Amino acid sequence: MRHPIILAITGASGALYPLRLLEMLLRSGTDVHLVISAFGRAVLAQELGVRLESDRFRPGDLTTRHGDARSPIGASDETATDLQRAVADVLHGLAGALDAGSGNGRIVYHRHDDFMAPIASGSFRTGGMVICPCSGATLSAVVHGASGNLIQRAADVHLKERRTLILVPRETPLSSIHLDNMKRACEAGAVVLPAMPGWYHGVRTIVDLVDFIVARILDQLGVEHTLSSRWGC
């Protein structure tokens, strides 16, 4: 039986990445312990129109969009932008993965300030943790063992227990502080996997670019997938 994966969403740009990753993990039959920071929720709302409440989380809320000027609801194929179609595709896929009768994995949600959650302890077994996207502030806190919230504490646990910890920063340009923190994270045992999609695999849509990164994360977790072709295959 596969151990659950922890997925943490923090306040960097790139909100499509974690939702696509969540879909793929659930479809693989993996339970996901989900933690979203306050700024992570803000980015989900700003980029995707997905609005979540910290105290009243419902999985279906991850697939419910609230329209704004950049992301109108119900845009037809003729008027929708490429990004709007990508958002719709990812949210539709996640909605399917959340189907209670599908036999997929389930979501266990934790508030980002709940230090009594089981994932705050090394005695809770996991198959790894992903912080996607990983903000510069979160990267710094992880490297320095700050443990100021549940995301940082769970990451600290994964480092001390020598378990897989994947950090997906999305920032550019990078300062020497960012670079030094990434180096220190690698030295501590984390996998630093920046959201830097390749273009050599026949990119046709925005989702193809998202899938490139999600596929690399799944590879690091040892989760089988068919999201993208492999070089030479």
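Quantities reported herein were computed from a predicted structural model and do not represent experimental measurements. Residue positions are given per chain, counting from 1 as you read along its sequence in written order. Totals for whole chains, interfaces and linings use every residue, but because this is a predicted model, local features are given only for residues with pLDDT of at least 70 and side-chain atom pairs only at 80 or more, for both listing and counting. To obtain the side-chain values, all non-hydrogen atoms of the structure were used and water was disregarded.

Pairs can form between side chains of opposite charge whenever their charged atoms are close. Salt bridges are defined as contacts in which a side-chain nitrogen from Lys or Arg sits within 4 Å of a carboxyl oxygen from Asp or Glu. The final tally for this structure, using the stated rule, is 12 salt bridges. A salt bridge links Glu 23 to Arg 20; the nearest nitrogen and oxygen atoms lie 2.9 Å apart. Here the residue Glu 23 and the residue Arg 20 both occupy positions in helix H1 (residues 16-27), the gap between them amounting to three residues, near one helical turn. Take Glu 23 and Arg 20: they sit in the same class, and that class is buried. What counts as a helix is a DSSP run of H or I of at least four residues, what counts as a strand is a run of E of at least two, and both are numbered from the N terminus. Per-residue accessibility, obtained with a 1.4 Å probe over protein chains only, is compared with the maximum for each type, and a residue is labelled buried under 20%, exposed over 50%, and partly exposed between these values.

Before going further, it helps to spend a moment on the packing of aromatic side chains. Stacked, edge-to-face and tilted are the three classes for Phe, Tyr and Trp ring pairs, Trp counted by its six-membered ring, which pair at centre distances within 6.5 Å; planes under 30 degrees apart are stacked, over 60 edge-to-face, the rest tilted. Counted under the stated rule, the structure contains three aromatic pairs. Considering the side-chain rings of Tyr 200 and Phe 212, the 5.7 Å spacing of their centres and the 85° angle between planes classify their relative orientation as edge-to-face. With Tyr 200 in the loop between strand S6 (191-192) and helix H7 (206-221) and Phe 212 in helix H7, the pair connects residues that are 12 residues apart, well separated along the chain. Phe 212 gets classed as buried once you look at its relative accessible area, which sits at 8%. Residue class for Tyr 200 comes out partly exposed when judged on its relative accessible area of 47%. Here a set of aromatic residues connected by ring pairs shows up, and it is made of Tyr 200, Phe 212 and Trp 231. In this structure, Arg 216 packs its charged tip against the face of Phe 212, placed 4.2 Å from the ring centre. Distance and angle both matter: a charge sits over a ring if NZ of Lys or CZ of Arg is within 6 Å of the ring centre and within 35 degrees of the ring normal.

Okay, helix H2 (residues 38-48) next. For H2, every residue scored as buried is listed here: Gly 40, Arg 41, Val 43, Leu 44 and Leu 48. Buried residues of H2, viewed axially, fall in a sector of 160°; they line one side. The inward-facing, buried residues of H2 contact strand S1 (5-9), H1, strand S2 (32-36) and helix H3 (82-97). Trailing H2 by a residue or two, Gly 49 shows a phi angle of about 75°, which is positive. Note: the arc covers the axis-to-C-beta directions of the helix. Only heavy atoms enter the contact rule, under which two residues are in contact if any of them lie within 4.5 Å.

Comment: axis = line fitted to C-alpha atoms, over the contacting stretch for helices; angle = value between 0 and 180 degrees taken between N-to-C directions. In contact at an axis separation of 9 Å, H1 and H7 are set at 55° when each is read in the N-to-C sense. One element, H1, and the other, H7, form an angle in the oblique class. By crossing handedness, the relation of H1 to H7 is classed as right-handed. Listed contacts from H7 to Leu 16, Tyr 17, Arg 20, Leu 21, Met 24 and Leu 25 of H1 are Ile 206, Val 207, Leu 209, Val 210, Asp 211, Ile 213, Val 214, Ile 217, Leu 218 and Leu 221. Residue polarity is assigned by list, with Asp, Glu, Lys and Arg as charged and Ala, Val, Leu, Ile, Met, Phe, Trp, Tyr, Cys and Pro as nonpolar; anything else, Gly included, falls into the polar class. By residue class, the composition of the contact of H1 with H7 is 14 nonpolar, no polar and two charged. Roughly parallel refers to an angle under 35 degrees, roughly antiparallel to one over 145, roughly perpendicular to one between 65 and 115, and oblique to any angle outside these ranges. Note: crossing handedness is left-handed where the near helix turns anticlockwise from the far helix by less than a right angle, and right-handed where it turns clockwise.

Time to look at the pairing of strand S4 (residues 129-134). Of all six residues making up S4, six are buried, and the element is well covered by its neighbours. Covered by surrounding structure in S4 are Met 129, Ile 131 and Pro 133 together with Val 130, Cys 132 and Cys 134, the residues of both alternating faces.

With respect to the helices and strands, the residue Asp 211 is situated in helix H7. Assessed through its relative accessible area of 5%, Asp 211 is described here as buried. Those residues in contact with Asp 211, other than ones at most four positions away along the chain, are Arg 20 and Leu 227.

Further remarks concern the sheet that holds S1. When DSSP locates at least two bridges between a pair of strands, those strands are taken to pair. Strands sit in the order S3-S2-S1-S4-S5-S6 across an open sheet of six strands; the sheet is parallel. In this open sheet, the two strands that pair with only one neighbour each are strand S3 (107-110) and S6. Here S1 pairs with S2 via five bridges, running parallel. Counted as the bridge partner of Leu 7 is Leu 34 from S2. Strands S4 and strand S5 (165-169) of the sheet are contacted by helix H4 (residues 136-143), whose axis makes an angle of about 140° with S4. Sheet strands touched by helix H5 (residues 150-160): S1, S2, S3, S4 and S5. Its angle to S4, the strand with the most contacts, is close to 135°.

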